[in-house]
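Summary of structural features
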Amino acid sequence: MHDRGAGRFGRLRVTTWRLVAATTLLIGSAPALAADYVLIRKEILVERPADTVWRRVGGFCAIADWLKLKCELVSGSGDVGSIRRLNGEIEEPMVGRTVRSYTYGQTKGAMAGFDYHGTLAVEPEGPTRARILYTITYDAARMPSDAVRKAQFERIGPRFQAAIEAMKVLAEAQP
């Protein structure tokens, strides 16, 4: 009995090692997808408490105030699952939310082929200061050329920087 049991475990070990070897070969020969993703992260300090900053810039359609885009809620009330439409063409569903952040993706519009997700967050930096963080991650591999990838990176980075600078002005303005 003992020998038969050891044989089964022995076969299990051989099968497991074959599976590990096959997986290693497949992964080793596949392109590294993570290298195709681009992260743009912008942040700025604001001389206001985090809750005040979030109330002024954190609404799902507050993007109209600080990025100067037309924004309408297509569905929902500005919570997870809501969809906003920007400039009548780009649709972004909210896929995550905390007390002072939200994350969105894109389903339709001019940049739909990029497969992007963005997050706007406000973090406290003590009782009277906050940090605005705005990030976007997108798949550059879906862009047709290196020239397009470079052009989009050079377009998006400054646009997000301008957005957080505009949020800072709005957040620090007197009520």
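Structure: see above.
Here we summarise the structure given alongside this text. (Residues numbered from 1 in each chain as written. Predicted model: local features only at pLDDT ≥ 70, side-chain atom pairs only at ≥ 80, totals over all residues. Heavy atoms only, no water.)

**Considerations on the overall build of the protein chain**
Our working definition: Each helix is a run of DSSP H or I of at least 4 residues and each strand a run of E of at least 2, with the numbering of both proceeding from the N terminus. For every residue, the accessible area obtained with a 1.4 Å probe (protein chains only) is divided by the maximum for its type, and the residue is called buried under 20%, exposed over 50%, and partly exposed between those limits. Surface exposure here means Shrake-Rupley accessible area, sampled with a 1.4 Å probe, where a residue is shielded only by the protein chains that are shown.
Across its full length, the protein chain holds four helices and seven strands. Counting every position in the protein chain, which comprises 175 residues, the buried fraction comes to 34%. Summed over its atoms, the accessible surface of the protein chain is roughly 10,500 Å², and 59% of this surface lies on carbon and sulfur atoms.

**Things to note about the pairing of strand β7 (residues 130-139)**
Two faces make up the sheet, and in a regular strand the side chains alternate between them. Test applied: DSSP-based pairing: two strands are paired if at least 2 bridges between them are found.
Among the 10 residues of β7, nine are classified as buried, and the element is accordingly described as predominantly covered. By the bridge criterion, 10 bridges tie strand β1 (residues 37-46) to β7 in an arrangement that is antiparallel. Bridging from a neighbouring strand, Ile-40 pairs with Ile-136 of β7. Relative to β7, strand β6 (residues 117-124) runs antiparallel, the two sharing eight bridges. By the bridge assignment, His-117 is partnered in β7 with Thr-137. Joining the antiparallel neighbours β6 and β7 is a turn of five residues, in which Gly-126 adopts a positive phi near 100°.

**Notes on the environment of Tyr-104**
Under the convention used in this document: Contacts were defined at the residue level, with two residues in contact if any of their heavy atoms lie within 4.5 Å. N or O atoms closer than or at 3.5 Å make up a polar contact, with two conditions inside protein: a donor-capable atom paired with an acceptor-capable one, and, for residues adjacent in sequence, both atoms drawn from side chains.
As for its placement among the helices and strands, Tyr-104 is situated in strand β5 (residues 101-105). Assessed through its relative accessible area of 2%, Tyr-104 is described here as buried. Placed 24 residues apart in sequence, Tyr-104 and Val-80 show a C-alpha to C-alpha distance of 9.0 Å. Ignoring any residue separated from it by four or fewer positions in sequence, one finds Tyr-104 in contact with Phe-60, Arg-84, Glu-92, Pro-93, Met-94, Val-95, Tyr-116, His-117, Gly-118, Thr-119, Tyr-134 and Phe-160. Within the structure, the side chain of Tyr-104 is placed 3.0 Å from the side chain of Tyr-134, a separation counted as a polar contact.

**Focus on the nonpolar core**
Our working rule: As used in this record, nonpolar core signifies buried Ala, Val, Leu, Ile, Met, Phe, Trp, Tyr and Cys residues forming a set joined through side-chain atoms within 4.5 Å.
Within the largest apolar cluster, 36 residues are counted, with the highest numbers of intra-cluster contacts made by Trp-66, Ile-132, Tyr-134 and Met-167. For this core, the elements supplying multiple residues, two or more each, are β1, α2 (50-57), α3 (63-66), β4 (90-98), β5, β6, β7 and α4 (146-172). With six residues, α4 is the largest single contributor of residues to this core. Those residues in contact with Ile-132 that sit more than four places away from it in its chain are Lys-42, Glu-43, Ile-44, Val-46, Val-53, Leu-120, Ala-121, Val-122, Ile-164, Met-167 and Lys-168.

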